[in-house]
Amino acid sequence: MFYYVLKYVILGPLLRLLFRPRIEGLEHIPEDGAAIVAGNHLSFSDHFLMPAIIKRRITFLAKAEYFTGPGLKGRLTAAFFRSAGQIPVDRSGKDAGQAAIREGLGVLSKGELLGIYPEGTRSHDGRLYKGKVGVAVMALKARVPVVPCAMVGTFEIQPPGRVVPRIKRVAIRFGEPLDFSRYAGMEDQKAAIRAVTDEIMYAILGLSGQEYVDEYAVKVKAEQAKKFPKRRR
């Protein structure tokens, strides 16, 4: 219930007023049935802007840190994400990927929309990074379409380290649903899930126009943190 109050009464109208998002391809979101919306991830603002303009409810797998932060800010953030129906996923440990896949498949089994950022983390420099294969495994196991999405301009309004977003117009683009039925039964084959993931990332790239980096964002962030330990990320 609170999800729809946020979407239609509190947050949604405010975001539309402030950022006046240009929306393209919204008709590609299925009106019913399970589907995955896979997008680039440039800003903390992405968590709010995309759900605000999609007519259906969408559930994201959110990192567990959003639910366990300290102090008043941490409690408010956790309360917001819980109220919005988002699912915490622990990204640490060797079983983190499998836990995220189980949670995602649970959402899809109910015929709902699942939102996911295949890069696994926010881009620290505005570029698009190599996608993790969890999105492909879920798409193949659940046999659902994947709608690519590109957030454009959100890095400029709220890059990493910026708390209050700049008021500037953004764009949200959705591409045609990607059908991977030709890979049915191949969700355990590494070559197949890598091919599906790369196809999804290529579709996002075509919508966003970002520079592409064929490395995982987490790895690049870690390498840069070693070189520049005092730089904020």
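Above this text sits the structure in question.
Residues numbered from 1 in each chain as written. Predicted model: local features only at pLDDT ≥ 70, side-chain atom pairs only at ≥ 80, totals over all residues. Heavy atoms only, no water.

### Some thoughts on the pattern of salt bridges
For the structure on display, the rule yields 6 salt bridges. Among the salt bridges present, the one from E199 reaches R182, with a minimum N-O distance of 2.6 Å. One end of the pair, E199, is in helix α7 (residues 190-208); the other, R182, is in the loop between β8 (171-174) and α7, with 17 residues separating them in the sequence. Overall, the relative accessible area of 27% leaves E199 in the partly exposed class. We classify R182 as partly exposed; its relative accessible area is 49%. Between E215 and K219 there is a salt bridge, with its nearest N and O atoms 3.9 Å apart. Salt bridges sharing partners connect three or more residues here, namely D125, R127 and E211. (Salt bridge = Lys/Arg side-chain N within 4 Å of Asp/Glu carboxyl O. Helix = DSSP H or I, 4+ residues; strand = E, 2+ residues; numbered from the N terminus. Buried < 20%, exposed > 50% of the residue type's maximum accessible area, 1.4 Å probe, protein only.)

### Section: the environment of P21
Assignment of secondary structure puts P21 in the loop between α1 (2-19) and β1 (22-24). Accessibility expressed as a relative area gives 13% for P21, which makes it buried. Here the alpha-carbon distance between P21 and R169, two residues 148 residues apart in the chain, equals 5.9 Å. The contact partners of P21, leaving out residues within four places of it in the chain, are L15, R16, I53, V170 and I172. (Contact = heavy atoms within 4.5 Å.)

### Re the packing of aromatic side chains
Scanning the entire structure with this criterion turns up 3 aromatic pairs. A ring pair is formed by F60 and Y117, whose centres lie 5.3 Å apart and whose planes are at 25°; its orientation type is stacked. Highlighted residues: F60 in strand β3 (residues 58-63) and Y117 in the loop between β5 (113-116) and β6 (128-129), separated in sequence by 57 residues. Exposure class is identical for F60 and Y117. Each is buried. Note on F180 and Y183: the rings are 6.5 Å apart at their centroids and 50° apart in plane angle, and the pair reads as tilted. (Phe/Tyr/Trp six-rings, centres within 6.5 Å; stacked < 30°, edge-to-face > 60°.)

### Section: helix α5 (residues 134-142)
Taken residue by residue, α5 has V135, A136, V137, M138, A139 and L140 as its buried positions. Once α5 ends, the next one or two residues include R143, with phi positive near 55°.

### Considerations on the sheet that holds β8
One open sheet accounts for 7 strands, arranged β1-β8-β7-β2-β5-β3-β4; its pairing is mixed. With one partner strand each, in any of the chains shown, β1 and β4 (87-89) form the two edges of the open sheet. Ignoring strand direction, the axes of neighbouring strands in this sheet form an average angle of 25°. Here α5 sits on the sheet and contacts β2 (35-39), β5 and β7 (146-152); the angle it forms with β2, its principal contact strand, is near 165°. (Pairing = 2+ DSSP bridges. Axes fitted to C-alpha atoms, helices over the stretch in contact; angles between N-to-C directions.)

Function cannot be read off these values alone, since they describe shape.
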